[in-house]
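Coordinates in review
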Amino acid sequence: MPDVFVNYRTGDEETTAALIGRELARRFGRERVFLDSNSIEPGRRYPGELVKAVEECQALLAVIGPRWAEVCGADGRPALEARQDWTRREIETALDRGVLVIPVLVGKATRIDPAVLPEDLRELADCQYRRFDHRNAESDLAAIGDALARLLPELGEQDRDARAARERAEAKPRKKAAKDRGHTRMRARDLEQRVRGGIGNLNGDLGTFVNEPQGPVNTGRGHQYNAPHFEGDNTGVQFTAGDNSGTVHQRFERERRRSDDDR
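Residues numbered from 1 in each chain as written. Predicted model: local features only at pLDDT ≥ 70, side-chain atom pairs only at ≥ 80, totals over all residues. Heavy atoms only, no water.

**Examining the overall build of the protein**
To be explicit about the condition: Put simply, DSSP marks the helices as runs of H or I at least four residues long and the strands as runs of E at least two long, and each gets a number from the N terminus on. Classification of residues uses two cut-offs on accessible area relative to the type maximum, computed with a 1.4 Å probe and protein chains only: under 20% is buried, over 50% is exposed, and between them is partly exposed. Two residues qualify as a contact provided that any one of their heavy atoms is within 4.5 Å of a heavy atom in the partner residue. Method for areas: the Shrake-Rupley scheme with a 1.4 Å probe, in which residue coverage is limited to the protein chains shown.
A count of helical and extended segments in the protein gives 8 helices and 9 strands. For the protein, the proportion of its 263 residues judged to be buried stands at 31%. Sequence separation of at least 24 residues holds for 62% of the intrachain contacts in the protein that already meet a minimum separation of 6. Total accessible area on the protein is roughly 17,500 Å²; 47% of this is exposed by carbon and sulfur atoms.

**Things to note about the nonpolar core**
To keep things clear, this is the line we draw: For the purposes of this section, nonpolar cores are sets of buried Ala, Val, Leu, Ile, Met, Phe, Trp, Tyr and Cys residues that join through side-chain atoms within 4.5 Å.
One finds Phe-5, Leu-60, Trp-68, Ile-91, Leu-117 and Leu-124 to be the most contacted residues of the largest nonpolar core, which totals 25 residues. Listed by contribution, the elements that provide at least two residues to this core are α3 (46-56), β3 (59-64), α4 (86-97) and β4 (100-106). Setting aside anything within four residues of it in sequence, one finds Leu-60 in contact with Phe-5, Asn-7, Val-54, Glu-90, Ile-91, Ala-94, Leu-100, Val-101 and Ile-102. Ranked by size, the runner-up nonpolar core spans 23 residues in total, among them Ile-20, Leu-24, Val-33 and Ala-59.

**Brief notes about the packing of α3 against α4**
Put simply, the rule reads: Every axis corresponds to a line fitted to the C-alpha atoms, with the helix fit spanning only the stretch in contact, and the corresponding angles, defined between N-to-C directions, vary from 0 to 180 degrees. Under this scheme an angle from 65 to 115 degrees is roughly perpendicular, one under 35 degrees roughly parallel, and one over 145 degrees roughly antiparallel; angles in between are oblique. Note: crossing handedness is left-handed where the near helix turns anticlockwise from the far helix by less than a right angle, and right-handed where it turns clockwise. Lys, Arg, Asp and Glu make up the charged group, whereas Ala, Val, Leu, Ile, Met, Phe, Trp, Tyr, Cys and Pro make up the nonpolar group; the residues left over, Gly among them, are polar.
Between α3 and α4, the shortest axis-to-axis distance is 9 Å and the interhelical angle comes to 30°. If you check the angle between α3 and α4, you find them roughly parallel. Relative to α4, α3 is oriented so that their crossing is right-handed. Two secondary-structure elements touch here, α3 through Tyr-46, Pro-47, Leu-50, Val-51, Val-54, Glu-55 and Glu-56 and α4 through Trp-86, Arg-89, Glu-90, Thr-93, Ala-94 and Arg-97. Residues belonging to the contact of α3 with α4 are distributed by class as follows: 7 nonpolar, 1 polar and 5 charged.

**Here's the deal with helix α1 (residues 14-28)**
Short version of the rule: In this analysis, the expected span of each helix is defined as 1.5 Å times one less than the number of residues it contains.
End to end, α1 covers 21 Å across 15 residues, agreeing with the expected 21 Å (1.5 Å per residue, within 8%). Directly beyond the C-terminal end of α1, a positive phi value near 110° is found at Gly-29.

**Brief notes about the pattern of salt bridges**
Which entries qualify depends on this criterion: Any Lys or Arg side-chain nitrogen found within 4 Å of a carboxyl oxygen on Asp or Glu counts as a salt bridge.
The full count for this structure, using the stated rule, is 12 salt bridges. The partner of Asp-120 in a salt bridge is Arg-83, and the shortest N-O contact between them spans 2.7 Å. Residue Asp-120 is found in the loop between β4 and β5 (130-132), and its partner Arg-83 is found in the loop between β3 and α4; the two are separated by 37 residues along the sequence. Given a relative accessible area of 52%, Arg-83 falls into the exposed group. The shortest N-O distance in the salt bridge between Arg-88 and Asp-120 comes to 3.3 Å. Of the two residues, Arg-88 sits in helix α4 while Asp-120 sits in the loop between β4 and β5, which places them 32 residues apart along the sequence. Where salt bridges share partners, they join Glu-23, Arg-26, Arg-27, Asp-146, Asp-159 and Asp-161 into one cluster.

**Side note on the packing of aromatic side chains**
Short version of the rule: We call Phe, Tyr and Trp rings a pair once their centres come within 6.5 Å, taking the six-membered ring for Trp, and we label the pair stacked below 30 degrees between planes, edge-to-face above 60, and tilted otherwise.
This structure, assessed with the given rule, holds 2 aromatic pairs. Both rings, one in Phe-5 and one in Phe-34, keep their centres 4.9 Å apart while their planes meet at 15°; by these two values the pair is stacked. Here Phe-34 lies in strand β2 (residues 33-34) and Phe-5 lies in strand β1 (residues 4-7), a separation of 29 residues in the sequence. In this structure, Phe-5 and Phe-34 share a single accessibility class: buried.

**Regarding the pairing of β3**
Which entries qualify depends on this criterion: The criterion for strand pairing is that DSSP finds at least two bridges linking the strands in question. Handedness is read with the strands pointing away from the viewer; a crossover is right-handed when the path from the first strand over the helix to the second is clockwise.
Among the 6 residues of β3, 6 are classified as buried, and the element is accordingly described as predominantly covered. Covered by surrounding structure in β3 are Ala-59, Leu-61 and Val-63 together with Leu-60, Ala-62 and Ile-64, the residues of both alternating faces. Note that β1 and β3 share 4 bridges and pair parallel. Residue pairing across strands places Val-4 opposite Ala-59, the latter belonging to β3. Each parallel crossover has a hand, and for β3 linked through α4 to β4 it is right-handed.

Following this line, the structure appears as structure tokens:
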């Protein structure tokens, strides 16, 4: 059962109707949209198919261009005046059923003048319309589809564009989380490499770390010696391992002896 019936007049804007029908079928599914040239199978009797579709639809789009009320029938009179005109009959049926009827005014078509409509079709002039301009085809088609999706919830559940938008929105946090994890792994790998290199800084907050230094290291004041170094208590004694020409060792020994003599 089609949700949307695309109504148009041959000789006015049939190509626009085909464009609208194709876009709605892409967005909601072909079985949800009725357009006679696409929806009636070969060999089917079109009068019965048209009546069935318009009696089952939930909305009718009346595609109306500048020549909509002027196209003449075989008798030379405006086709709209004929009771058997299919365009007129389809709209009348939808209005009688009380389903959603949306006029789509194409190009230079102005607001529908009730004076040009048959009496049983004048309600069409009161229906809020949408406009379609080929220069703004993409945005106008989207607006028509959005309106149908909002007004017909069951149709909206089949909206492929809305589903794709939700999937893109859901994918953004996952993509960001994956990116953050990648940055974390890179920082951890960089830290590991720096630790293995011997010296570095932990996030700028935890100070300087030294891991098995292979060369001179000095983090304080004074001369630097290529050896472990520490300072003593308030006596000012300092000790540096290694030979260093024996200078500091001798000083340490003299200070120790002087201290023993004082005792």
